[in-house]
Amino acid sequence: MKSISLIGMVSLVLLTNVTIHAQIKNAKTATVKVFGNTPAAKAVIEGEGKSGKSAQVEWDRETNMATITYDASKTNADEILKRIALAGFDNEKFLAPDDVYAQLPKADQYARTLKPKAESQPMKVISQDGQRSMPAADHSAHQAAAETDAGKGKDTQLTNLLNQYFALKDALVKTDASAAANKAALLQEAVKAVNMNKLAPAEHTVWMKVMDNLTTDAAAITKSKDVTKQRVAFASLSLKLYELAKVSSFGSPVYYQHCPMFNDGKGANWLSKEKAVKNPFYGSQMITCGSTVETLNK
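Every value quoted in this text rests on a predicted model; they were computed, and no experiment measured them.

## Considerations on the overall build of the chain
Here comes step 1: Looking only at helices and strands, one finds nine helices and eight strands in the chain.
Here comes step 2: Considering only contacts in the chain between residues 6 or more positions apart, those separated by 24 or more positions represent 60%.
Here comes step 3: With an accessible surface of roughly 16900 Å², the chain has 55% of that area assigned to carbon and sulfur atoms.

## As for the sheet that holds strand S2 (residues 55–59)
Here comes step 1: Taken in spatial order, the three strands of this open sheet run S1-S3-S2, and their pairing is antiparallel. With one partner strand each, in any of the chains shown, strand S1 (27–33) and S2 form the two edges of the open sheet. Geometrically, the sheet is characterised by an average inter-axis angle of 15 degrees between neighbouring strands, direction not taken into account.
Here comes step 2: Both S1 and strand S3 (residues 65–71) contribute to a ladder of seven bridges, which runs antiparallel. Note that in S3 the partner of Val32 across the bridge is Ala66.
Here comes step 3: In the packing of helix H3 (residues 77–86) onto the sheet, the strands contacted are S1, S2 and S3, and the crossing angle to S3 comes to about 130 degrees.

## Concerning helix H9 (residues 227–246)
Residues that lie three or four places apart on an α-helix share one face, since the helix turns once every 3.6 residues.
Here comes step 1: The terminal C-alpha atoms of H9 lie 28 Å apart, and with 20 residues this matches the ideal 28 Å at 1.5 Å per residue to within 8%.
Here comes step 2: Considered for burial, the residues of H9 that qualify are Val227, Gln230, Arg231, Ala233, Phe234, Ala235, Leu237, Ser238, Leu241, Tyr242, Leu244 and Ala245.
Here comes step 3: Where H9 begins, the capping side chain belongs to Asp226, and its oxygen is found 2.9 Å from the backbone nitrogen of Thr228.

## Quick look at empty space enclosed by the protein
Here comes step 1: A full pass over the atoms with the stated rule returns one cavity of 30 Å³ or more.
Here comes step 2: The volume enclosed by the largest cavity comes to roughly 30 Å³.
Here comes step 3: Around the largest cavity, the lining residues are Leu158, Leu161, Leu162, Leu241, Leu244, Ala245 and Phe250.
Here comes step 4: Looking at side-chain class alone, the lining of the largest cavity contains seven nonpolar, no polar and no charged residues.

## A short note on the pairing of strand S7 (residues 268–272)
Here comes step 1: Here S7 lies mainly inside the structure; five of its five residues are buried.
Here comes step 2: Where burial is concerned, the two faces of S7 agree: the one with Ala268, Trp270 and Ser272 and the one with Asn269 and Leu271 are both buried.
Here comes step 3: Bridge count for strand S6 (residues 254–259) against S7 is five bridges, and the pairing is antiparallel. Counterpart to Cys259 in the pairing with S7 is Ala268.

## Let's talk about the sheet that holds S6
Here comes step 1: Strand order in the open sheet formed by three strands is S7-S6-S8, with antiparallel pairing between adjacent strands. Single-partner strands in this sheet number two, and they are S7 and strand S8 (291–296). For this sheet, the mean inter-axis angle between neighbouring strands, taken without regard to orientation, is 25 degrees.

## Quick look at the packing of aromatic side chains
Here comes step 1: This structure, assessed with the given rule, holds nine aromatic pairs.
Here comes step 2: Aromatic pair Phe262 and Tyr282: ring centres 6.3 Å apart, planes at 80 degrees, arrangement edge-to-face. With Phe262 in the loop between S6 and S7 and Tyr282 in the loop between S7 and S8, the pair connects residues that are 20 residues apart, well separated along the chain.
Here comes step 3: For Phe262, a relative accessible area of 11% corresponds to the buried category.

## Regarding the pattern of salt bridges
Here comes step 1: As enumerated under the stated definition, the model contains 12 salt bridges in all.
Here comes step 2: The salt bridge involving Lys246 is made with Glu294; its shortest N-O contact spans 4.0 Å. Residue Lys246 is located in helix H9, and its partner Glu294 is located in strand S8; the two are separated by 48 residues in the primary sequence.
Here comes step 3: Connected through salt bridges with shared partners, the residues Asp90, Asp98, Arg112 and Lys115 form a single ionic network.

About the cut-offs
- Residues numbered from 1 in each chain as written.
- Predicted model: local features only at pLDDT ≥ 70, side-chain atom pairs only at ≥ 80, totals over all residues.
- Heavy atoms only, no water.
- Helix = DSSP H or I, 4+ residues; strand = E, 2+ residues; numbered from the N terminus.
- Contact = heavy atoms within 4.5 Å.
- Areas by Shrake-Rupley, 256 points an atom, 1.4 Å probe, with all protein chains shown as cover.
- Pairing = 2+ DSSP bridges.
- Axes fitted to C-alpha atoms, helices over the stretch in contact; angles between N-to-C directions.
- Expected span 1.5 Å × (residues − 1).
- Buried < 20%, exposed > 50% of the residue type's maximum accessible area, 1.4 Å probe, protein only.
- Polar contact = N/O pair within 3.5 Å; in protein donor to acceptor, adjacent residues only side chain to side chain.
- 1 Å grid on protein atoms, 1.4 Å probe; cavity = no way out; pocket = protein on both sides within 12 Å on 5 of 7 lines; lining within 4 Å.
- Points joined across faces, edges and corners; volume = space filled by probe spheres on them.
- Nonpolar A, V, L, I, M, F, W, Y, C, P; charged D, E, K, R; others polar.
- Phe/Tyr/Trp six-rings, centres within 6.5 Å; stacked < 30°, edge-to-face > 60°.
- Salt bridge = Lys/Arg side-chain N within 4 Å of Asp/Glu carboxyl O.

Following this line, the structure appears as structure tokens:
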């Protein structure tokens, strides 16, 4: 009887997979470890991974293995795994933001084996009176470093990213398509260099939402030699970088500026480290066209 039941179970699983493949066009499958430990976790993981007829997720609570089936023409495994991580569940590609994990019900919180361990505390010593105490330490160097970091901004990875963006903006102000392509390539490298696991919780959450768009827009600028097309991609890039800049901290103000004329009067925005308007969408044609609509990191 057990053998018959096992055969029936295997048949059911195979039938389910065939049905899913039949529903999803251009179906591709990936198997990835997703951490969780409760039936509620299963519901969230599979629910967040599902996307209409373009993606399905089957998660095994015992093995923590998720089988992802998706329409490769509409989505990819990374997009699905990002949604799952943003719901609070670590996986082999993306870690959940700390604040989102902390909001999970206690019963649904799992051992975060993929999360980098915090630095160990100094070893405790036993004093002559038998009481445990922490050895005194000179933290002046650490304090000085912290003050330096505070002056430069909370995360040097994002500071570098923003600096590469400013260089790209300056190239577009000069209407230099070749320089813009080169600066966009450096921006792509800056995106790749960001370690999301070292970002602050709010930065981490936004980063997972915008990282692919930043890469796509930067790549479009790099590949194009037409400054008009570069500026269209720059408008999209600026919008995503603004979302990130709003939750980040840099050592000096960042100005969010608006051009009302671009895109047939629909307008577009950009970020600048200078309060004076230097329009990247028109360059010397209308260099001062625009205004500052918001100042970040005051």
